[in-house]
Amino acid sequence: MVDASLIPWLRGIVGLVLIGGLFGAGMAAIWIERKLAGDIQERYGPNRVGPMGIFQLVADAIKLFTKEDIIPKNVDKLLYVSAPIIIMGSIFLMLVAIPIGAVYINGVEYPLVVTEMDISVLYIEAISAISVIGIFVLGYGQNNKYAMMGTFRNIARMIGYELPLGITIVSVAIMANSLDIVEIVNSQNPLWFAILQPLGFVIFFIAMVADMGRLPFDQNEAEEELQAGVFTEYSGMRFGLAFFSEYFHMILGSFLISLLFLGGWNLPGFITNNFILGLILPTAFLVAKATIVMMFIIMLRWALPRFRIDQVVDLSWKRLLPLSLINLGWAMALGIYLGV
């Protein structure tokens, strides 16, 4: 048994390891996107710095760290400096409640999560709202009309898509009879919620992609219209943090989709009862699912044009919101039928 006084320290160490792993995964996601973009557009992609261009990421990091940190004259310096910190802070706060897998020792499941809580889904949904505040601070603090237009577009989009996203999460919680992600994963054995709630899965996926700010939902940047949108006045590593935050959101969103709808780390008992396989395969299974989801999200960027902001708002309020209410009714009826 572990001494209870050591548990907070162990969780802190796990949290630091996860933060380091998140930065590594973010760099890997950027490399995957560049290679996929090259394949889709029939070009090479990064291929000169290191084998298969893998060290291009290191070169980019050195460039961002060494570029001059320019703070424009008329910005609100406090807001300008603190905005990237707020955005990254919201990501790290979400990270502590998202399981990245599980290990099985003698048939007993041990989820790999910093803090397991009874309302982890609601916690993640609430913390994700902090990023909205961060984006507002990001745009308002720059004293730039393009940044401010990007900020208001981002707020309009996130408010519109948080509603169907939240209703779909409630539908999942009804089916699982729990708000704990670990319990939600365990309740998807043997059937995934993507099978039981196909409409909910589609709604959640679209709303999550919109929440990430990925194409076709990146109206807050929209370089053809707003220069660099909410990042217009940023340079150096401050821009790097804002740039990385998009990929961090994509990684965490891919894990959430895999956990809530694709069965998480669930594997047959004859695999998890094996000591060696139980230590490795469940986590590898979840990471593989999240990677496939992330690759699909990346490919959407090169397959769809950017929507107009009015189309984005119409899709959320006139399409996804009514459909999410229908899915909620379906989840309630199915839950009653199955005796949940």
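Rules behind the numbers
- Residues numbered from 1 in each chain as written.
- Predicted model: local features only at pLDDT ≥ 70, side-chain atom pairs only at ≥ 80, totals over all residues.
- Heavy atoms only, no water.
- Salt bridge = Lys/Arg side-chain N within 4 Å of Asp/Glu carboxyl O.
- Helix = DSSP H or I, 4+ residues; strand = E, 2+ residues; numbered from the N terminus.
- Buried < 20%, exposed > 50% of the residue type's maximum accessible area, 1.4 Å probe, protein only.
- Pairing = 2+ DSSP bridges.
- Axes fitted to C-alpha atoms, helices over the stretch in contact; angles between N-to-C directions.
- Parallel < 35°, antiparallel > 145°, perpendicular 65-115°, else oblique.
- Contact = heavy atoms within 4.5 Å.
- Nonpolar A, V, L, I, M, F, W, Y, C, P; charged D, E, K, R; others polar.
- Expected span 1.5 Å × (residues − 1).
- Bend = angle between axes of the 7 residues up to and from the residue.
- Polar contact = N/O pair within 3.5 Å; in protein donor to acceptor, adjacent residues only side chain to side chain.
- Left-handed = near helix turned anticlockwise from the far one by under 90°.
- Core = buried A, V, L, I, M, F, W, Y, C linked by side-chain atoms within 4.5 Å.

A. Summary view of the pattern of salt bridges. Enumeration according to the criterion identifies 7 salt bridges in this entry. Measuring nitrogen to oxygen at the nearest pair gives 3.1 Å for the salt bridge that ties Arg301 to Glu33. Of the two residues, Arg301 is situated in helix α12 (residues 275-301) and Glu33 in helix α1 (residues 7-40); the sequence distance between them amounts to 268 residues. Under the relative-accessibility criterion, Arg301 is labelled partly exposed at 27%.

B. Here's a closer look at the pairing of strand β1 (residues 102-105). Bridge count between β1 and strand β2 (residues 108-111): 4 bridges; the pairing is antiparallel. Its bridge partner being in β2, Ile105 is matched across the sheet by Val108. With antiparallel pairing between neighbouring strands as the criterion, β1 and β2 make up a hairpin whose turn holds 2 residues, including Asn106 at a positive phi of roughly 55°.

C. How the structure looks around the packing of helix α4 (residues 120-140) against helix α5 (residues 145-176). The N-to-C vectors of α4 and α5 enclose an angle of 170°; their axes lie 8 Å apart at closest approach. The angle between α4 and α5 falls in the class roughly antiparallel. Residues Val121, Glu125, Ser128, Ser131, Val132, Ile135, Phe136, Gly139 and Tyr140 of α4 form the contact with α5, whose participating residues are Ala147, Met148, Thr151, Asn154, Ile155, Met158, Glu162, Leu165, Gly166 and Ile169. Of the residues belonging to the contact of α4 with α5, the class tally is 11 nonpolar, 6 polar and 2 charged.

D. Structural context of α12. The end-to-end C-alpha distance of α12, which contains 27 residues, comes to 41 Å, matching closely the 39 Å that a straight helix rising 1.5 Å per residue would cover. Most pronounced at Leu281, the bend in α12 amounts to some 30°, and the proline Pro282 follows within four residues. Taken residue by residue, α12 has Gly278, Pro282, Thr283, Leu286, Lys289, Ala290, Val293, Met294, Ile297, Ile298 and Leu300 as its buried positions. Where α12 begins, one side-chain oxygen reaches toward the backbone nitrogen of Ile276, 3.1 Å away; that side chain belongs to Asn274.

E. Structural detail: the packing of helix α3 (residues 77-95) against helix α10 (residues 236-261). One can describe the packing of α3 onto α10 by two numbers: an axis separation of 10 Å at closest approach and a directional angle of 20°. On the basis of the axis angle, α3 is roughly parallel to α10. The two elements α3 and α10 meet at a crossing, and its hand is left-handed. Of α10, the residues touching α3 (which contributes Tyr80, Val81, Pro84, Ile87, Met88, Ile91, Met94 and Leu95) are Arg238, Leu241, Ser245, Phe248, His249 and Leu252. Looking at the contact of α3 with α10, its residues break down into 11 nonpolar, 2 polar and 1 charged.

F. Local environment of the nonpolar core. Membership of the largest hydrophobic core comes to 68 residues, with the highest contact counts inside it found for Phe193, Phe204, Met250 and Trp265. If one sorts the elements of this core by residue count, α10 sits on top with 12 residues. In terms of nonpolar packing, the next biggest core, distinct from the first, is built from 11 residues, Tyr80, Ala83, Ile87 and Ile135 among them.

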